[in-house]
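# Coordinates in review
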Amino acid sequence: MRRTSSRFVGVLAVLVAIAGACSSDRGDDPAAAGDAPDSGEADGGDGGDGAAGDTFGTLDSPCGEGDATAGGDQGVTDDQVVIGYGDDAGYPQSPGLSHETSHAIEAMIDWCNEQGGINGREIVGNYYDAAITNVVNAMTQACGEVFMLVGEAWAFDSGQEETRVGCGLPAVPTYAVSPAFANGPMAFQPVPNPADMVVATAAADLAELHPDEVKKAAIMYGNFAATKDTREKVLQSFPDFGFEFIGCDQEYNIAGEPDWKPFAQKLKDCGVELVYYIGQAYPNLQNLLDDAAQIGFEPVWLADSNNYLQSFADWNVGGNGDNVYVRMNFAPFESAEEGSATQTYVDIVEAHDGDISQLGQQATSAFLLWATAASRCDELSRDCVVDELSKITSWDGGGLHPEANPGENLPPECQLVVKLDGTEWVQVAPEEPGEFTCDPDGVVELSGPVVDQAELDENRISTVYLP
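Residues numbered from 1 in each chain as written. Predicted model: local features only at pLDDT ≥ 70, side-chain atom pairs only at ≥ 80, totals over all residues. Heavy atoms only, no water.

What follows deals with the pattern of salt bridges. Counting across every chain of the model gives 10 salt bridges. A salt bridge links Arg 231 to Glu 232; its shortest N-O distance comes to 3.1 Å. Residue Glu 232 is classed as partly exposed on the basis of its relative accessible area, which comes to 29%. The salt bridge involving Lys 391 is made with Asp 387; its shortest N-O contact spans 3.3 Å. Of this pair, Lys 391 and Asp 387 both sit in helix α13 (residues 382-391), four residues apart, roughly one helical turn. Overlapping salt bridges, with partners in common, bring together Arg 231, Glu 232 and Asp 249 in one network. (Salt bridge = Lys/Arg side-chain N within 4 Å of Asp/Glu carboxyl O. Buried < 20%, exposed > 50% of the residue type's maximum accessible area, 1.4 Å probe, protein only. Helix = DSSP H or I, 4+ residues; strand = E, 2+ residues; numbered from the N terminus.)

Written out as structure tokens, the structure is:
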């Protein structure tokens, strides 16, 4: 297995083998994927504080003056373009859920408008709170009001997909969860998470850090489609890197449990030494960690990047989270350098009085991806933007994350691992802050029920809701 570490200052040359072996057409034009790759990356730039005219990390700003005409689609005039965004902040069991993504989009809209918008067209953002269970209403409203969705972060995206496809609304989301949306038509993720592939590079790093513990692993997941699908992906991919799941997986109520000690006791009785937790830090994981500590259960905990939050670190004053590891595709805030894309994101959002998070970085990359494609359209229409998005086969958000291929829905092959240490996050793999472990074998092709749900065509596009 070839494994390298690389610091992401500009564009990395990865995914060549994957892109050559598994291409897909993500646009309406079958010839679109044959166009020359175009990342839209700049040669350099210091990023500054996000003032008008600045670059964003290594990316030339896609925003500025111009005289593009409207293509006649909903939400576009010669003076304005209306985009939709949103989160699940109104979900009662986890107030503020994913709100950092909306803070990022709001800040980036202002940042872009200060420079002249999209070819001189002012960007107007419509916010929609899906609150997880209200996602169909949010999508229905967006379908009648906006040009495109940009940076939305809706966990229950399986519930919205039939409505989105039915009204022909393109999306550049922060993330995708359900198989139908992850490979959906007219949908482009800045860091793809397709149904038929998973990035498990960090699994090899965890196996090196804890070679014995990974052989006694179990998964905790919520009674929710998104977490169940992630469990299936982990079970199919992580054994390739030394993980052995011993048949003691635990399903919890996604709305929370009155007492987490029975779950922790069951895992302890099974002899589990590593728990892959799928879900949100607040309140579920925090309560689970507290209850596990009460019964003396202290395994290695592995979680996904949505748990990389300063609020989670601030909670850990008692040290019950000191054995929590998080795998990530984004550069950590702790290693951000002046002028880097990560620091530029922080500066722009904090200047807007917003909160930052890894998902906020991801939303920022989504906005920049959309703006880059939209700025290339002399006549701004959905068809043009979708076509331009399908041509962007090399994308790192100006250095926010490793290179991915949104145009062909191929994920990055690079990850890093951070760990809670008191109230701080510390990068542990690779040891050098800001570096990533890159491995083409870290991208695992999947089969089985999760992929089957997507009903993929020959171009790896979901046909579930297509007419």
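Past the structure itself, the notes keep going.
Here we come to the nonpolar core. Among the nonpolar cores identified, the biggest contains 81 residues, and Phe 56, Ile 123, Met 220, Phe 312, Phe 367, Trp 370 and Val 385 are the most heavily contacted of them. The contacts of Phe 312, once residues within four sequence positions are left out, are Ala 281, Leu 285, Gln 286, Leu 289, Asn 307, Val 324, Leu 420 and Trp 425. Membership of the second largest hydrophobic core comes to 27 residues, among which are Val 198, Val 214, Tyr 325 and Leu 446. (Core = buried A, V, L, I, M, F, W, Y, C linked by side-chain atoms within 4.5 Å. Contact = heavy atoms within 4.5 Å.)

The subject of this paragraph is the pairing of strand β11 (residues 300-303). Here β11 shows no split at all, with Val 300 and Leu 302 on one side and Trp 301 and Ala 303 on the other all buried. Of the pairings in the sheet, the one linking strand β10 (residues 274-277) to β11 comprises three bridges and is parallel in character. Residue pairing for β11: Tyr 276 is matched across the bridge by Leu 302. Taken together, β10, helix α9 (residues 281-294) and β11 constitute a β-α-β crossover, and its handedness is right-handed. Pairing between β11 and strand β12 (residues 324-328): three bridges, direction parallel. When the sheet's bridge partners are listed, Leu 302 is paired in β12 with Tyr 325. Chirality of the crossover, the property in question, places the unit of β11, helix α10 (residues 310-315) and β12 among those that are right-handed. (Pairing = 2+ DSSP bridges. Right-handed = clockwise from strand over helix to strand, strands pointing away.)

As a further point, take the state of the cysteines. Applying the stated criterion to the full structure yields five disulfides. With a sulfur-sulfur separation of 2.1 Å, Cys 143 is cross-linked through a disulfide to Cys 167. Residues Cys 143 and Cys 167 are joined by a disulfide whose S-S torsion is about -65°; by sign, that bridge is left-handed. A residue pair is termed long-range when its members are at least 10 positions apart, and Cys 143 in helix α3 (residues 135-143) and Cys 167 in helix α4 (residues 157-167) qualify at 24 residues. Looking at the protein chain, its bonded cysteines, counted consecutively from the start of the sequence, adopt the pairing 1-2, 3-4, 5-6, 7-8, 9-10. (Disulfide = S-S within 2.5 Å.)

Geometric descriptors of this kind do not, in isolation, establish any biological role.
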